[in-house]
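Chain residues, written in single-letter form:
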Amino acid sequence: MPLLPKKKVGIVACSGEELPEGTVSRVAALKVLEELRPDDTVTICLPLFLAGGEGDRAFARFYPTVAIDGCEKRCAARATEMYSGKPAASIVVTDVAAENGLGPIRGSRRLNDAGIRAAELVAQEVVRLVDELLGRTAQAVGKAIAEEPTPEASEEEEETVTLCSCGSGIPVQKVTVNGRVVTLIALPAIFEQFYQNGKRPGDGTTRELLEMTRIYNPIPREEEAAYAEALAREYEKFCRKRATG
Amino acid sequence: MSEKVVVIPCSGIGKTFGTVSREAAYAVVEDLRPDRTQLVALSLLVLGDEEARAAVAGHPTITIDGCRLACATKMVQESGLPVARSFTVLDAFRKHRDLKPEGISALNPEGQQLACALAKEIAEAIDALQEEA
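The structure displayed is predicted, hence computed values, not measured ones. (Residues numbered from 1 in each chain as written. Chains lettered and ligands numbered in written order. Predicted model: local features only at pLDDT ≥ 70, side-chain atom pairs only at ≥ 80, totals over all residues.)

What follows concerns the overall build of chain B. Secondary structure summary: chain B contains six helices and four strands in total. Counted from the first residue to the last, chain B has its helices and strands arranged as β-α-β-α-α-β-α-β-α-α. Taken over the C-alpha trace, chain B has a radius of gyration of 14 Å; the compact-globule value for 133 residues is 14 Å, and the two agree within 12%. Along the three orthogonal principal directions, the C-alpha set of chain B runs to about 40 × 30 × 20 Å. The buried share of chain B, reckoned over its 133 residues, is 51%. (Helix = DSSP H or I, 4+ residues; strand = E, 2+ residues; numbered from the N terminus. Rg over C-alpha atoms; globule rule 2.2 N^0.38 Å. Buried ≥ 20, exposed ≤ 12 C-beta atoms within 10 Å, placed from the backbone.)

The partner chain B presents 26 residues to the 26 residues of chain A that form the contact. Mapped onto the side of chain A that touches chain B, the elements with two or more residues apiece are α1 (20–36), α2 (46–50) and α4 (75–83) of chain A. In terms of residue count, the dominant contributor to the side of chain A that touches chain B is α1(A) (six residues). Taken together, the residues of the side of chain A that touches chain B break down into 14 nonpolar, five polar and seven charged. (Contact = placed C-beta atoms within 7 Å. Nonpolar A, V, L, I, M, F, W, Y, C, P; charged D, E, K, R; others polar.)

The subject of this paragraph is the nonpolar core. All names here are of chain A. In terms of nonpolar packing, the biggest core is built from 107 residues, with Ile 11, Ile 68, Val 122 and Val 126 touching the most fellow members. Of the domains in this structure, domain 1 (9–142) and domain 2 (170–243) are the two that each give at least three residues to this core. The contacts of Val 126, once residues within four sequence positions are left out, are Ile 11, Ala 28, Val 32, Val 66, Ile 68 and Ile 91. (Core = buried A, V, L, I, M, F, W, Y, C linked by C-beta atoms within 7 Å. Domains from an automatic or database assignment.)

In the case of a regular strand, side chains alternate between the two sheet surfaces. All names here are of chain B. Here strand β3 (residues 61–65) runs beside strand β4 (residues 85–88); their pairing, made up of four bridges, is parallel. When the bridges of β4 are listed, Ile 64 appears paired with Phe 87. On the question of chirality, the crossover connecting β3 to the parallel β4 by way of helix α4 (residues 71–78) is right-handed. (Pairing = 2+ DSSP bridges. Right-handed = clockwise from strand over helix to strand, strands pointing away.)

Next up on the list: the sheet that holds β4(B). Residue and element names in this part refer to chain B. Spatial ordering of the open sheet is given by β2-β1-β3-β4, a layout of four strands whose pairing is parallel. Each edge of the open sheet is held by one strand with a lone partner, namely β2 (37–39) and β4. Across the sheet, the mean angle separating the axes of adjacent strands is 20° when strand polarity is ignored. Direction of pairing for strand β1 (residues 5–9) relative to β3: parallel, over a ladder of four bridges. (Axes fitted to C-alpha atoms, helices over the stretch in contact; angles between N-to-C directions.)

Moving on, we come to the confidence of the model for chain B. Residues and elements named next belong to chain B. Per-residue pLDDT for chain B has a mean of 94; in total, 98% of the residues score no lower than 70. No element of chain B has a lower mean pLDDT than helix α3 (residues 50–56), which averages 91, and none a higher one than β4, which averages 98. The ipTM for the predicted assembly is 0.93, set against a pTM of 0.73. (pLDDT = per-residue confidence, 0-100.)

Residues and elements named next belong to chain B. Counting buried residues along β1, five of its five residues qualify, which places the element largely inside the surrounding structure. Of the two faces of β1, the one carrying Val 5, Val 7 and Pro 9 and the one carrying Val 6 and Ile 8 are both buried. Both β1 and β2 contribute to a ladder of three bridges, which runs parallel. Within β2, the residue paired with Val 7 across the bridge is Leu 39. Regarding the hand of the β-α-β motif, the stretch spanning β1, helix α1 (residues 16–32) and β2 is right-handed.

Below, the discussion takes up α4(B). Within α4(B), six of the eight residues are buried, leaving the element largely enclosed by the surrounding structure. Among the residues of α4(B), B:Cys71, B:Ala72, B:Thr73, B:Lys74, B:Met75 and B:Val76 are the ones counted as buried. Those residues of α4(B) that are buried lie in contact with α2 of chain A together with β1, α2 (42–46), β3 and β4 of chain B. Downstream of α4(B) by a residue or two, B:Gly80 has a phi angle that is positive, lying close to 85°.

Backbone hydrogen bonds are what pair the strands of a sheet, in a parallel or an antiparallel way. All names here are of chain A. A sheet is described by the order of its strands in space; here four strands give the open sequence β2-β1-β3-β4, paired in parallel fashion. Looking along the sheet, the strands with just one partner apiece sit at the ends: β2 (41–43) and β4 (89–92). Taking each pair of neighbouring strands and ignoring which way they run, the sheet shows an average axis angle of 25°. Bridge count for strand β1 (residues 9–13) against strand β3 (residues 65–69) is four bridges, and the pairing is parallel.

Given below as structure tokens:
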């Protein structure tokens, strides 16, 4: 398996501006990300996620996410499920406020005391879930995830090789297959691993690349040949770049 | 002058500029043009919430994006709704390079000033849109 970044939990907050509970979701998420579990969590930017941010979507496909929503419309949880996979856990601010008997939450821009308390309670719940998720799933995912960070993309690769903008570090690469551009998750890490293992371009390597890439990306059977051709071409380019430094 | 203008910030949570977009939106709808504007959450709109779509339909819409990825503008357009004017914090920052915004959960004073400067620019655009209407 290629080396992928250390396992973390993605936090998706709805951040709804028009409701105070939306602000609570944002404040709670940032409290976890900045203060309580900065090394174990990454933010998944909901607008970027909705707009097709591959890095953020890739992260949510690999790693567990906790969705924090202001209200029952659950935009963050629904978006995560729609584009990546069901969140490992979902918290709704109005539920937390009701369970704890908090007074009315007011102040979308500046939260009142009940809002501040709600943010603290939600943040505590997220921390509990993060700890549980990292402990519970570490063994299952552990084999595929090493503790070493993936090397950053070089400037030459910048246009096609990217890392998650939220900082999670999942590498993705854009490749042209049958005339259309597709984004392949983990491909830069796969190439790097093959190169380090001394595998040079050739039919056997291409077959192995196809199988490894398939683990992380859906490859339709009818397009296998086109994907193989694209992988062979890109890996040859990758090896040339590495050889010339 | 009767038609309300809808304001949709990106509110990106990963970068300071996202928070500036959010603060600028609040400054417009709460301080500068409270009776003539309405905030709509981007995610509600994108996920097809009927109420959010109804709020935007038929009203001039202004988007505020933190960065050049322009998520708010793109997503409103992809939802099949027109964007009357779009602003980015990045452009505002280029006009006010003396202001260095910092912080995501809490903006520093310079970030607040940048949000105010952007909000003033947006308020002028709202006036122009409403005069045109």
